[in-house]
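Remarks on the overall topology
Each chain, letter by letter, is given below.
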Amino acid sequence: MQLIDPTATNPSQHNSRAPALSSLKGKTIGLLSNSKLNADVLLKETAAIFQAEHQCNVTDIRFKRNASAPAPSDTIEELTAECDLLITAAGD
């Protein structure tokens, strides 16, 4: 999985959309919260639906410390190594 930093300032970047997964069964979903109120609740409920309907595995929720800043590089690297797809939530 390749994650693209939306704050990149290089106009010459030519990124394309990741190919769609043919199935979610057995895939691992990463969860990333912005640490705002209720973001973790939304992520847990969403993950439960994916687990029940698509037999997915789900990682523990990772939390950003600053909702307005990008996730730390080490958090992104860990999620990239562990997950087939990522769900993020912004609470409030």
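What this report covers is the structure whose coordinates are included nearby. (Residues numbered from 1 in each chain as written. Predicted model: local features only at pLDDT ≥ 70, side-chain atom pairs only at ≥ 80, totals over all residues. Heavy atoms only, no water.)

Along the chain, the regular secondary structure elements total two helices and three strands. Counting the 92 residues in the chain, one finds 26% classified as buried. Excluding contacts between residues fewer than 6 apart, the proportion of contacts in the chain whose partners are at least 24 apart in sequence is 78%. When the accessible surface of the chain is totalled, it reaches about 6500 Å², and 50% of it is carbon and sulfur. (Helix = DSSP H or I, 4+ residues; strand = E, 2+ residues; numbered from the N terminus. Buried < 20%, exposed > 50% of the residue type's maximum accessible area, 1.4 Å probe, protein only. Contact = heavy atoms within 4.5 Å. Areas by Shrake-Rupley, 256 points an atom, 1.4 Å probe, with all protein chains shown as cover.)

Attention now goes to the side chain of arginine 62. By the secondary structure assignment, arginine 62 is in strand 2 (residues 57-63). Discounting chain neighbours no more than four positions away, the residues touching arginine 62 are Leu31, Leu32, Ser33, Thr75, Glu78, Leu79 and Glu82.

As a further point, take the sheet that holds strand 2. Taken in spatial order, the three strands of this open sheet run 2-1-3, and their pairing is parallel. Two strands close off the open sheet at either side, each with one partner strand: strand 2 and strand 3 (85-89). For this sheet, the mean angle separating the axes of adjacent strands, direction not counted, is 20°. Sheet topology note: the strand 1 (residues 28-33)/strand 3 ladder contains five bridges and is parallel. Bridge pairing in strand 3 places serine 33 opposite alanine 89. (Pairing = 2+ DSSP bridges. Axes fitted to C-alpha atoms, helices over the stretch in contact; angles between N-to-C directions.)

This part covers the environment of alanine 81. Summarising the element assignment, alanine 81 is placed in helix 2 (residues 73-82). Overall, the relative accessible area of 71% leaves alanine 81 in the exposed class.

On their own, these measurements won't tell you what the molecule is for.
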